[in-house]
Amino acid sequence: MKKSICVIGIGYVGLPTAAMFASKGHKVIGYDLNQKAVDALNKGEIIIEEPGLGDLVKKVVSEGNLVGSTECPVGCDVYIIAVPTPINEDKTADMRFVEAATRAIVPCVRKGAIVVLESTSPPRTVLDLMLPILKETGLELGEELLVAHSPERILPGKVIEELRTNSRIVGGINEKSSLEVKKVYESIVEGEIFITTSTTAEMCKLMENTFRDVNIALANELAKMSEELGVNCWDVIRMANQHPRVNILQPGPGVGGHCIALDPWFLVEKSKNAKLIHQARLNNDSMPEFVMNKIDGIIGGLKGKTVTLFGVTYKPNIDDVRESPIMHLKDMLKAEGAKVKVCDPHAGEKVEDNFEMYESCKDSDIVVLGVNHNQFEKPDFAKMAENMNNKVILDTRNFWSREEVTKAGIEYVLLGEGREE
């Protein structure tokens, strides 16, 4: 049965979700206060970068199944909240957007409606934040108004495919809510849909991202120890992972994005027992400073020096700079008096003075490979060297060939590689 669906928040999660439901014949309204995003949507356009999303949005908008609005529609069958859940300066969850979205729904819902929270949130958000607000509808929760949490499980760059094929969790405030929400998602999800409670669903999503964060922290700590002890962490990882029950992840300049870099803090905020999780967060958050200090040591000071950063998004081949460790590194370098030049073909206008690749190397005292975008895979190192003031490269991703770099007369330094005495 086709439904009328309102998706609240048409960003990196909400827009693909809205487009997927629209592609299955549902009538979908993307509600957002961002006029630019709404105007683009109504033209069949998008303002974010995601493979396949632009074509899908154009198609469903032209078919009349997806429209954008800056006003919350009345009387939809389903309301899906997909707004950001950032963190405050003190690392506590900023739930203003979820609260505002829930309040916006109150005058709009009718008997029999469904409310789904997709936004990743601290445990008990549905029970303690949303339900008291939704009671103001006068509808009996769990009977006349069904409520659940169904967190997204998508990877930027593969969102459309993963929305369709990944398994999904639906945590309702009661069984009726879970079963009805499951029916809604079955129209777009080919993977298995698991039923649970709202708080268990919240914990599942947080632990999925926390698992990654803790294991990345182990790899980053290995990189630090390797530099201290005179070994190459990349060799250690390669050989240790030959063990059938070991899978050490790769280190890097830090952890970014709107999920892994934030979600563990929700658990730290809610539980005094999240000690390992807390330490992992601190370790990963320390990596930009570690890289900055390494740059400082390589070029003999930062003040007045020119540092070129190749890539500033939080991961390869996307345009998202939220919580990007390289963006943090950029700001830290500037605060120390360095001049920073950026080359990032994906970041676009999100970065001031975004230079062309070889132009960014002009007068540079060091080039730092921060994000391994496809466009950086095989640069002309000799051409880079021509423009550089000090011919040295710091590779934080083990992405470039030492042989190719040194052949061009450039010193190659690898993050996590200690020098044996």
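This text goes with the structure placed above it.
All figures in this text were calculated on a predicted structure; none of them were measured in a lab.

### A word on a nonpolar patch on the surface
And step 1. On the surface, a cluster of nonpolar side chains totalling about 320 Å² of accessible area is made up of M225, L229, V231 and V236.
And step 2. Tracing the chain through its elements places L229 in helix α8 (residues 198–229).
And step 3. Note on L229: relative accessible area 62%, which makes it exposed.

### Some points on helix α7 (residues 175–185)
And step 1. Along α7, the residues that are buried comprise S177, S178, V181, V184 and Y185. Angularly, the buried residues of α7 cover 120° about the axis, an arc narrow enough to put them on a single face. Away from its buried face, by an angle of more than 90 degrees, α7 presents the exposed residues E175 and K183.
And step 2. On its buried face, α7 is in contact with α1 (14–23), β4 (78–81), β5 (113–117), β6 (145–149), β7 (168–172) and β8 (193–197).

### What to know about the sheet that holds strand β11 (residues 366–369)
And step 1. Strands sit in the order β10-β9-β11-β12-β13 across an open sheet of 5 strands; the sheet is parallel. Single-partner strands in this sheet number two, and they are β10 (339–343) and β13 (411–414). Across the sheet, the mean angle from the axis of one strand to that of its neighbour is 20°, orientation sign disregarded.
And step 2. Sheet analysis places strand β9 (residues 306–310) next to β11, joined by 4 bridges and oriented parallel. Among the inter-strand pairings, L309 is bridged to a residue of β11, identified as V368.
And step 3. Strand contacts of helix α13 (residues 325–335): β9 and β10, with the helix running at about 175° to β9, the strand carrying the most contacts.

### Description of the layout of surface pockets
And step 1. Taken as a whole, the second largest pocket holds about 330 Å³ of empty space.
And step 2. Along the walls of the second largest pocket sit 16 residues, with I87, K91, D285, E323 and H328 positioned nearest its centre.
And step 3. For the lining of the second largest pocket, the secondary structure elements donating two or more residues are α11 (275–285) and α13.
And step 4. With 3 residues, α11 is the single largest residue contributor to the lining of the second largest pocket.
And step 5. Split into classes, the residues belonging to the lining of the second largest pocket amount to 8 nonpolar, 3 polar and 5 charged.

### Examining unusual backbone geometry
And step 1. Notably, K91 is not glycine yet its phi reads approximately 75°, a positive angle.
And step 2. Secondary-structure assignment places K91 in the loop between β4 and α4 (96–105).
And step 3. Positive phi outside glycine occurs at E323, with the angle close to 55°.
And step 4. Here E323 lies in the loop between β9 and α13.

### Re the nonpolar core
And step 1. Grouped together as the largest cluster of nonpolar side chains are 38 residues, with contacts concentrated most on F21, V28, L66, I80 and Y185.
And step 2. Here this core takes 6 residues from α1, the largest share from any one element.
And step 3. With residues up to four places along the chain from it excluded, the contact list for I80 reads I5, C6, V7, I8, F21, V116, E118 and Y185.
And step 4. Ranked by size, the runner-up nonpolar core spans 33 residues in total, among them I81, I87, L134 and F266.

### Comments concerning the sheet that holds strand β2 (residues 27–31)
And step 1. One open sheet holds the 8 strands; their spatial order is β3-β2-β1-β4-β5-β6-β7-β8, and the pairing between them is mixed. The sheet is open, and its two edges are formed by β3 (66–69) and β8, each paired on a single side. Geometrically, the sheet is characterised by an average inter-axis angle of 25° between neighbouring strands, direction not taken into account.
And step 2. When β2 meets β3, the two strands line up parallel, connected through 4 bridges. By the bridge assignment, I29 is partnered in β3 with V67.

Basis of the calculations
Residues numbered from 1 in each chain as written. Predicted model: local features only at pLDDT ≥ 70, side-chain atom pairs only at ≥ 80, totals over all residues. Heavy atoms only, no water. Patch = residues over 30% accessible without salt bridge, like charges linked within 9 Å, V, L, I, M, F, W, Y side chains within 5 Å. Areas by Shrake-Rupley, 256 points an atom, 1.4 Å probe, with all protein chains shown as cover. Salt bridge = Lys/Arg side-chain N within 4 Å of Asp/Glu carboxyl O. Helix = DSSP H or I, 4+ residues; strand = E, 2+ residues; numbered from the N terminus. Buried < 20%, exposed > 50% of the residue type's maximum accessible area, 1.4 Å probe, protein only. Arc of directions from axis to C-beta. Contact = heavy atoms within 4.5 Å. Pairing = 2+ DSSP bridges. Axes fitted to C-alpha atoms, helices over the stretch in contact; angles between N-to-C directions. 1 Å grid on protein atoms, 1.4 Å probe; cavity = no way out; pocket = protein on both sides within 12 Å on 5 of 7 lines; lining within 4 Å. Points joined across faces, edges and corners; volume = space filled by probe spheres on them. Nonpolar A, V, L, I, M, F, W, Y, C, P; charged D, E, K, R; others polar. Core = buried A, V, L, I, M, F, W, Y, C linked by side-chain atoms within 4.5 Å.

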